[in-house]
2 protein chains.
Amino acid sequence: MREATIAGAGMTRFGVHESTLPELFADAALPAMDDAGVEAADIDALYLGNTMGGQIEGESHLAPTLASHVGLAGVPCQRFEDACATSSNAFKHAVRAVEAGHHDAVLVGGVERCSAATGRETDEMTRIFASAAHGTYERPTGLTFPGVFALLTKRHMHEYGTTEEQLAEVAVKNHYHGSLNPRAHFGKETTVEEVLEGPIVADPFHLHDCCPFSDGAAAVVVASAEVAAELDCDLVPVAGVGHATDVVPIADKAHPSVTRSARDAASQAYETARIGPDDVDVVELHDCFTGAEVLATEALGLVEDGQGGPAAAAGRTSLGGEIPVNPSGGLKAKGHPLGATGVAQLVELTEQLRGDAGDRQVEDADVGLAHNLGGDAATTVVTVLEAAR
Amino acid sequence: MREATIAGAGMTRFGVHESTLPELFADAALPAMDDAGVEAADIDALYLGNTMGGQIEGESHLAPTLASHVGLAGVPCQRFEDACATSSNAFKHAVRAVEAGHHDAVLVGGVERCSAATGRETDEMTRIFASAAHGTYERPTGLTFPGVFALLTKRHMHEYGTTEEQLAEVAVKNHYHGSLNPRAHFGKETTVEEVLEGPIVADPFHLHDCCPFSDGAAAVVVASAEVAAELDCDLVPVAGVGHATDVVPIADKAHPSVTRSARDAASQAYETARIGPDDVDVVELHDCFTGAEVLATEALGLVEDGQGGPAAAAGRTSLGGEIPVNPSGGLKAKGHPLGATGVAQLVELTEQLRGDAGDRQVEDADVGLAHNLGGDAATTVVTVLEAAR
């Protein structure tokens, strides 16, 4: 099996964009190809993540359109959709294809428009997103994703005494990190008071506990180590990818606050990379809500079960802390254009492991971990990247 | 690289179903698993094709829901969407994963509901399908898929003198084949006169030149040859899979009637399988419109360029003819539940290569070819299956 590497990375600012999906995609894909030092003719395939282009913008079968828009007409293309874990699953398959020798260099991209620039307001978008919950057991009750994660988080509060203040500390941290990231949707800081004074979206989440509806795109070039070594690029090896799922309905989960699929995917990724949580230097994880970050830090083994809230409040997961989580600002502050999020996490880690992350650089970052979650914590992809030696 | 085989196959009747997507999927997946002689615990992953569940039924992130509905909770799942070529691309990736040793046995399934049982009538469904055409250059003009294929076919008529009668002969043939297939949406025959007297949908297509809006599901179990050899199953080896794309807008295509992506995908599949068109005994191809079958028989090299129409009229592509095309009835008569179509073609070929196709059995069928097309002839996957020796 060959080794796969990230040879190049690019992304747009996350926020509100008026561009079409092909235009937005190109604004990430072309910089990624430039960064890798490849021409279109060097790219063998496109692995695309787009979650809800059909429902939001009436756009399906996007992969060939996006491919030809960046000069790749004719290559095999595939669109993945696995709710918010969409583009990290596209990445997994690209890594597999390169490892197996099917392709030497492939473009992995994610793109989505979720802001009001699409003509869809928050209520309508929330309803569209809820298509990823369970159609028989959940949607008919009116459950949407703030409610899904509120229920998981409430259970965690019940079990461990996690507080709203601790959740707010996650928002404060990620807003601070986002203020250091010129590509973040939210570039300004917040305070615990401001979070707690905000309107309730779904108890215990106030407005600032929730990530925004963003537009954006992200792309990486995955190349075999041999091919990457001959490119004018600063390669980042892919050490492991784990991918697991869980039953969708919250009511069916064996233990709601455990997020089983994250633990299973993390175990696979750690095993493949031959590392453990203590070896990780920087983490980008799926904080669609502050409570989701608390659950994820525990599921990934970064902190002890029950300590996700206190760890955030104590600064253990801040830049400069024991294990910096979401230096990009995370979904919370960087933004969350669904299909772009998974790859955007990898773009951030690539920059961190290259030492190119500017004001938000994690010191001595040699091992990076990405955690990308879809739906009712039902799909999770965990990726380990390592700095080139 | 290991060899991948189809160990089991199953599908529902195509037509109108009131079942939910999970129910419909199970009606194909469980028989496929039974046919392969595997239990749920033997299945390592789900590769799912669903094209427009989000737009048609408000259902996304379907893979984990469908997996747990058939006892596969927790396995890695992925949904593919590549317009009407969706589930054959899922199949390609499953084959790759088995060949590379990532999985020993995987379930590949496709499911879709497109009939009026979804609550959406023909005009609305036509508009939803058009999301797979080009959003900037085609949809704003009002172009939908009958128009797309009508334009390609009109060009072919101009170049080669293909006639409406010859197109009608394709419909007559496929309706006849469908009358032999208890799972076909349309089980009755038609005549050239009946086709030509039908209302025009998009010139040159009359109503009976067009495939119906169907509901249905299809599934196969892909297993490594080693694993399949130990199962109580009648395995069918996968000899080759080709996959190529083309620019989407018809106006940008180098030669509209050539369907470039089909020729490229076929070349790859033939090369991998080390065969040529003359070695093929039975074909399932993407006849969403009669004109599409004419173009495909030529692109696949089954008949000479320009001879697709005359070949159908002369019975060369009928059961009992030189190269039987669409013995199942094809999309035209068997039906076309978008995301299920690609895998359903493989189910038919599996039965043909096993000699289990009943009244529609092609004699001495040793090599089968499937051709599954997406969008403006912009994605094509071609698969070669061979009877076990």
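Quick caveat: nothing in here was measured; it's all calculated off a predicted structure. (Residues numbered from 1 in each chain as written. Chains lettered and ligands numbered in written order. Predicted model: local features only at pLDDT ≥ 70, side-chain atom pairs only at ≥ 80, totals over all residues. Heavy atoms only, no water.)

**Quick word on the overall build of chain A**
Here comes step 1: Helix and strand counts for chain A come out as 14 helices and 11 strands.
Here comes step 2: Relative to the compact-globule value of 21 Å for 389 residues, chain A shows a C-alpha radius of gyration of 19 Å, a close match.
Here comes step 3: Its C-alpha atoms give chain A principal-axis dimensions of about 55 × 45 × 40 Å.
Here comes step 4: Looking at chain A as a whole, 68% of its 389 residues are labelled buried.
Here comes step 5: In chain A, 78% of the contacts between residues at least 6 apart in sequence involve partners at least 24 apart.
Here comes step 6: Here chain A displays about 12100 Å² of accessible surface, and carbon together with sulfur accounts for 47% of that area. (Helix = DSSP H or I, 4+ residues; strand = E, 2+ residues; numbered from the N terminus. Rg over C-alpha atoms; globule rule 2.2 N^0.38 Å. Buried < 20%, exposed > 50% of the residue type's maximum accessible area, 1.4 Å probe, protein only. Contact = heavy atoms within 4.5 Å. Areas by Shrake-Rupley, 256 points an atom, 1.4 Å probe, with all protein chains shown as cover.)

**Observations regarding the interface of chain A and chain B**
Here comes step 1: Counting residues at the interface gives 47 residues for chain A and 47 residues for chain B.
Here comes step 2: Around 3700 Å² of area is buried between chain A and chain B when both sides are counted, 48% of it from carbon and sulfur atoms.
Here comes step 3: Summed over the shared surface of chain A and chain B, the result is four salt bridges.
Here comes step 4: Residue arginine 139 of chain B pairs with glutamate 59 of chain A through a salt bridge whose shortest N-O separation is 3.3 Å. (Buried area = accessible area lost by both parts, 1.4 Å probe. Salt bridge = Lys/Arg side-chain N within 4 Å of Asp/Glu carboxyl O.)

**A short note on the UniProt feature "domain: Thiolase C-terminal" (unreviewed entry) in chain A**
Here comes step 1: Here, UniProt's "domain: Thiolase C-terminal" (unreviewed entry) annotation points to residues 247-386 of chain A.
Here comes step 2: Here residues 247-386 of chain A is 37% helix and 14% strand, with 31 Å between the C-alpha atoms at its ends. (UniProt positions renumbered as here; feature names shortened; annotations may be inferred.)

**Digging into the nonpolar core**
Here comes step 1: Grouped together as the largest cluster of nonpolar side chains are 74 residues, with contacts concentrated most on Phe91 and Val108 of chain A together with Phe91 and Val108 of chain B.
Here comes step 2: With residues near it in sequence (within four places) discarded, phenylalanine 91 of chain A still touches Ile6, Val108, Val220, Val222, Val238, Val241, Leu346 and Thr383 of chain A. (Core = buried A, V, L, I, M, F, W, Y, C linked by side-chain atoms within 4.5 Å.)

**Quick look at the relation of the copies chain A and chain B**
One copy of the chain maps onto the second through a rotation about an axis and a displacement along it.
Here comes step 1: Overlay of chain A on chain B (RMSD 0.0 Å): rotation 180°, translation along the axis 0.0 Å. In the structure described here, the two chain copies are related by an operation that fits a two-fold rotation axis.
Here comes step 2: Interface overlap between copies: 100% of the residues of chain A at the interface are likewise at the interface in chain B, consistent with a symmetric, same-surface contact. (Least-squares fit on C-alpha atoms with pLDDT ≥ 70 in both.)

**Some words on the state of the cysteines**
Residue and element names in this part refer to chain A.
Here comes step 1: The tally for this structure, following the rule as stated, stands at zero disulfides over all chains.
Here comes step 2: Cysteine 288 forms no disulfide, and the closest cysteine sulfur to it belongs to cysteine 211, at a distance of 5.9 Å.
Here comes step 3: The exposure class assigned to cysteine 288 is buried, which follows from its relative accessible area of 5%. (Disulfide = S-S within 2.5 Å.)

**Considering the side chain of histidine 177 of chain B**
Here comes step 1: Mapping histidine 177 of chain B onto the fold places it in helix H7 (residues 164-179).
Here comes step 2: The residues touching histidine 177 of chain B, leaving out its near neighbours within four places in the chain, are Thr317, Ser318, Leu319, Val325, Asn326, Pro327, Ser328 and Gly329 of chain B.

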